[in-house]
Amino acid sequence: MSEMKLTFKTPNEIHEFVNTVSKYEFDIDVRRGRIVVDAKSLLGIMHLGLNNILELKMHSEECGELQAKLEKYAA
């Protein structure tokens with residue numbers, strides 16, 4: 001399992017993020033406070049809001065490639 005912190009500045013960034021993570025089979029969650037949503041859910045991520053620091057949790061040991069793709073959203 002791997003974790004990182006993210007932030008989104010525009011709705012377009014959220015759309016790109018969801019398209020990227022949807023290509024992976026393993027479970028990926030995003031959390032803000034007590035709210036946890038599936039990272040593959042566009043509406044769920046939008047609900048967490050823009051310009052907030054979010055915690056991403058990837059439930060796989062082989063997520064290095066995805067982590068590199070998501071660096072542009074790192075908080």
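From N to C terminus, the chain includes 3 helices and 4 strands. Along the chain direction, N to C, the helices and strands of the chain fall in the order β-α-β-β-α-β-α. Structurally, the chain occupies a C-alpha span of about 30 × 25 × 20 Å along its principal axes. Expressed as a percentage of its 75 residues, the buried residues of the chain come to 37%. Counting only contacts in the chain whose residues sit at least 6 apart along the sequence, the fraction spanning at least 24 positions is 66%. For the chain, the computed accessible surface area is about 4600 Å², with 49% contributed by carbon and sulfur atoms. Both charge centroids of the chain, one from 10 positive and one from 12 negative side chains, sit 7 Å from each other.

The next subject is the environment of methionine 1. Inspection of the secondary structure puts methionine 1 in the segment before β1 (2-6). According to the relative accessible area criterion, methionine 1 is exposed, its value standing at 51%. For the pair formed by methionine 1 and glutamate 61, sequence separation is 60 residues and the distance between their alpha carbons is 5.4 Å.

For leucine 42, the position within the fold is in helix α2 (residues 42-48). Judged by its relative accessible area of 32%, leucine 42 falls in the partly exposed class. Sequence spacing of leucine 42 and glycine 64 is 22 residues, and the spatial spacing of their C-alpha atoms is 23 Å. If sequence neighbours within four positions are ignored, leucine 42 has contacts with Ile14, His15 and Val18.

This paragraph deals with the sheet that holds strand β3 (residues 35-38). In space, the 4 strands of this open sheet follow the order β1-β4-β2-β3, with antiparallel pairing throughout. Unpaired on one side and paired on the other, β1 and β3 mark the two borders of the sheet. Between one strand and the next, the sheet's axes are offset by a mean angle of 25°, whatever the strand orientation. By the bridge criterion, 5 bridges tie β1 to strand β4 (residues 54-58) in an arrangement that is antiparallel. Counterpart to serine 2 in the pairing with β4 is methionine 58.

The rules behind these values
- Residues numbered from 1 in each chain as written.
- Predicted model: local features only at pLDDT ≥ 70, side-chain atom pairs only at ≥ 80, totals over all residues.
- Heavy atoms only, no water.
- Helix = DSSP H or I, 4+ residues; strand = E, 2+ residues; numbered from the N terminus.
- Buried < 20%, exposed > 50% of the residue type's maximum accessible area, 1.4 Å probe, protein only.
- Contact = heavy atoms within 4.5 Å.
- Areas by Shrake-Rupley, 256 points an atom, 1.4 Å probe, with all protein chains shown as cover.
- Lys, Arg positive; Asp, Glu negative; His and termini not counted.
- Charge placed at Lys NZ, Arg CZ, Asp CG, Glu CD.
- Pairing = 2+ DSSP bridges.
- Axes fitted to C-alpha atoms, helices over the stretch in contact; angles between N-to-C directions.

Shape is all these values report; function is a separate question.
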